[in-house]
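This is what each chain is made of:
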Amino acid sequence: MFQMGKVRLKHVVLFLLLSHQFIMTSAVVTNNRLLLAVGLATGAILSSYNGSYDWSPSTLAVLTAIILVTLLPTAINKAESSSCTAPGYSLHPVLGCIKLSTSTTALTPEQWVAKCAEDGGKLILINSATENQALVDFLKSDPKDVVIQGSRVSVSSPWTTDDGQPLPFVGEFQGISNLAGTLRIIFTSSGKWANVNPTNVFPNAVCEIPV
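Residues numbered from 1 in each chain as written. Predicted model: local features only at pLDDT ≥ 70, side-chain atom pairs only at ≥ 80, totals over all residues. Heavy atoms only, no water.

**Details of the overall build of the chain**
Per the secondary structure count, the chain includes 5 helices and 7 strands. The order of α-helices and β-strands along the chain, N terminus first, is α-α-α-β-β-α-β-α-β-β-β-β. Here the chain, with 211 residues, has 39% of them falling under the buried criterion. Partitioning the contacts of the chain with sequence separation of at least 6, the portion at a separation of at least 24 is 66%. As presented, the chain carries roughly 11,700 Å² of accessible surface, and 61% of it is formed by carbon and sulfur atoms. (Helix = DSSP H or I, 4+ residues; strand = E, 2+ residues; numbered from the N terminus. Buried < 20%, exposed > 50% of the residue type's maximum accessible area, 1.4 Å probe, protein only. Contact = heavy atoms within 4.5 Å. Areas by Shrake-Rupley, 256 points an atom, 1.4 Å probe, with all protein chains shown as cover.)

Dropping the structure here:
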């Protein structure tokens, strides 16, 4: 009776492995990980049925866990990269899923907000000095000024995101940074920021899609 229990458990493990292998293969699993997992399972099952080693239920459970852990990181990484699939967008290691968007007809910052939203995204939000420099590097091959998130309604008001929250990071402004009136922010190719009138129009912006 005990031996029959072991055999049944082996069959369950084999079924789970084959099912998991099918799912992961359909998601384009890295070949090395898949071969390693299959090799582990095949060696264990053959040694058990040939009698060279009698696998206990607890040992089989550990083996199954090892195989799943071997495959799981690849699936997670694949899901992350496949989430940035909108046309023109690419997954940047620092800035996330972004696109340099260009319009033949220059647009106001508010119109750029709407244009990014058409992709399911928003104007890029700079969260730190590291991201500020990363955007400089991203634009280095084709330097241009771009619309980013950031606005305020008066000199005494804080800079806010398009959702109305305080900006998590405020860069160095070129020229006068305390102009009166309602303002938007432009990111210059040098990495400095510029105040602009919200009715001004611009041909470029950087959009992002949360991943």
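**Details of the nonpolar core**
Judged by nonpolar contacts, the single largest core of 20 residues is most densely connected at Ile124, Ile126, Leu135, Ile148, Ile185, Phe187 and Trp193. Those residues within four positions of Leu135 in sequence are excluded, and the remaining contacts are Leu95, Ile126, Ile148, Phe187 and Val206. Grouped together as the second largest cluster of nonpolar side chains are 16 residues, Cys84, Ala86, Cys97 and Ala194 included. (Core = buried A, V, L, I, M, F, W, Y, C linked by side-chain atoms within 4.5 Å.)

**Overview of the packing of aromatic side chains**
For the structure on display, the rule yields 3 aromatic pairs. Measuring from centroid to centroid gives 5.4 Å for Trp159 and Phe173, while their planes differ by 25°, and the two rings are stacked. Here Trp159, found in the loop between β4 (146-152) and β5 (183-187), pairs with Phe173, found in the loop between β4 and β5; they are 14 residues apart in sequence, far enough to count as distant. As far as the burial class goes, Trp159 and Phe173 line up, both buried. (Phe/Tyr/Trp six-rings, centres within 6.5 Å; stacked < 30°, edge-to-face > 60°.)

**Description of the state of the cysteines**
Inspection of the entire model under this criterion finds 2 disulfides. Put simply, Cys116 and Cys207 are joined by a disulfide, and their sulfur atoms are 2.0 Å apart. Disulfide Cys116 to Cys207: torsion about the S-S bond roughly -70°, handedness left-handed. On the criterion of sequence distance, the pair formed by Cys116 in helix α4 (residues 109-118) and Cys207 in strand β7 (residues 202-209) is long-range, its members being 91 residues apart. Accessibility classification places Cys116 together with Cys207 in one group, the buried group. Of note for the chain: the bonded cysteines, numbered N- to C-terminal, pair according to 1-2, 3-4. (Disulfide = S-S within 2.5 Å.)

**Here we look at the environment of Glu172**
For Glu172, the position within the fold is in the loop between β4 and β5. C-alpha separation for the pair Glu172 and Ala194, spaced 22 residues apart in sequence, amounts to 8.6 Å. Among residues more than four places away in sequence, those in contact with Glu172 are Lys192 and Trp193.

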